[in-house]
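Residues per chain, in single letters:
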Amino acid sequence: MRRYLFPLVVGIVGCAILIQLGLWQLERRDWKEGLLAEIVEGINAPPVPLPDQIDPSMKYLPVTVSGTTTGAEIDVLSHTRDQGAGYQVVSRFITDDGRAILVDRGFVPQQMRRVERPPVRLQITGNLHWPQDASSSTPAPNLDENIWFARDVEHMAEVLDTLPVLVVASFVQGDNQGARPIPVAVEGIPNNHLSYAMQWFLIAVTWAVMTLALIWRIRQRKY
């Protein structure tokens, strides 16, 4: 019996740790679902006028803002299911109180990228946003062609000479010049904790099977 003791203890302890990791991921899933529900509630709250003082803690805050585009814009490579590849138009926008900010006016298909979009007055309802589109593999923007591969608020603000403030439009009153608003949503926020939990549980099952197999092999030995 003594020869079974060590592999049995290792098997039980290993399974317990792996199961605990799976349960922890289920707790993380519940936490993430609650967080996403809070974000959705915030996104859909009644909009307020653009605050005087703005910082990233206000991410997703619904706002209204009136003003005029300047004709200066950034084209961010994007795509939609129905129109395929295209660009999100981020315009330099002067508010009625004189602040220069960034406004993501929405999506245009590839053939409309070079269509001239002169200054125009707009009233915009949308959300403050500091998207984390870029990753370590995201290319740097092609400034010569004005093609960007992610919305980097700080860098875009430097290029267009604005405050580091981005409003993503959900509704536009006025001539949006062919851009179709893409409202802020939570679909891009990952919630993979259930799949992680299943992986830990499967590893626990494998660990248990291997432990039983080892004990069986020990039992088959003849001394």
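Residues numbered from 1 in each chain as written. Predicted model: local features only at pLDDT ≥ 70, side-chain atom pairs only at ≥ 80, totals over all residues. Heavy atoms only, no water.

## Considerations on the overall build of the protein chain
So, step 1. When helices and strands are counted, the protein chain shows three helices and seven strands.
So, step 2. For the protein chain, the sequential pattern of α-helices and β-strands runs α-β-β-β-β-β-β-α-β-α.
So, step 3. Taken against the 2.2 N^0.38 rule, which gives 17 Å for 223 residues, the C-alpha radius of gyration of the protein chain at 26 Å runs more than 25% over that of a compact globule.
So, step 4. The dimensions of the protein chain, computed from C-alpha atoms along their principal axes, are 90 × 35 × 30 Å.
So, step 5. In the protein chain, which comprises 223 residues, the share counted as buried stands at 37%.
So, step 6. Looking at charge distribution, the protein chain has the averaged site of its 20 positive side-chain charges lying 20 Å from that of its 23 negative ones. (Helix = DSSP H or I, 4+ residues; strand = E, 2+ residues; numbered from the N terminus. Rg over C-alpha atoms; globule rule 2.2 N^0.38 Å. Buried < 20%, exposed > 50% of the residue type's maximum accessible area, 1.4 Å probe, protein only. Lys, Arg positive; Asp, Glu negative; His and termini not counted. Charge placed at Lys NZ, Arg CZ, Asp CG, Glu CD.)

## A short note on the nonpolar core
So, step 1. Within the largest apolar cluster, 32 residues are counted, with the highest numbers of intra-cluster contacts made by Ile101, Leu102, Ile124 and Val167.
So, step 2. Only α1 (2-43), β2 (62-80), β3 (84-95), β4 (100-109), β5 (121-128), α2 (153-160) and β7 (166-173) provide two or more residues apiece to this core.
So, step 3. By residue number, the principal contributor to this core is β7, which donates five residues.
So, step 4. Once residues lying within four places of it in the same chain are set aside, the contact partners of Ile101 are Leu50, Val65, Ser91, Arg92, Phe93, Thr95, Thr162, Leu163, Val165 and Val167.
So, step 5. Ranked by size, the runner-up nonpolar core spans five residues in total, among them Val89, Val108, Ile147 and Ala179. (Core = buried A, V, L, I, M, F, W, Y, C linked by side-chain atoms within 4.5 Å. Contact = heavy atoms within 4.5 Å.)

## Let's talk about the pairing of β2
So, step 1. As judged from the two bridges shared by strand β1 (residues 48-49) and β2, these two strands associate in the parallel manner. The partner of Val48 across the bridge, within β2, is Val63.
So, step 2. Across seven bridges, β2 lies against β5 in antiparallel orientation. The residue of β5 that forms the bridge with Thr64 is Thr125. (Pairing = 2+ DSSP bridges.)

## A word on the side chain of Arg151
So, step 1. Assignment of secondary structure puts Arg151 in the loop between β6 (147-148) and α2.
So, step 2. Taking the relative accessible area as the measure of exposure, Arg151 reaches 12% and is therefore buried.
So, step 3. When sequence neighbours within four positions are dropped, the list of residues in contact with Arg151 reads Val76, Gln88, Asp104, His129, Pro131, Asp133, Met156 and Val168.

## Notes on the packing of aromatic side chains
So, step 1. For the structure on display, the rule yields zero aromatic pairs.
So, step 2. The side chain of Arg113 reaches across the aromatic face of Tyr87, ending 5.2 Å from its centre. (Phe/Tyr/Trp six-rings, centres within 6.5 Å; stacked < 30°, edge-to-face > 60°. Lys NZ or Arg CZ within 6 Å of the ring centre and 35° of its normal.)

## Some remarks on unusual backbone geometry
So, step 1. Phi at Asp161 takes a positive value of approximately 55°, unusual for a residue other than glycine.
So, step 2. Residue position: Asp161 is located in the loop between α2 and β7.
So, step 3. One non-glycine residue, Gln177, adopts positive backbone phi at about 55°.
So, step 4. If you trace the backbone, Gln177 turns up in the loop between β7 and α3 (193-220).

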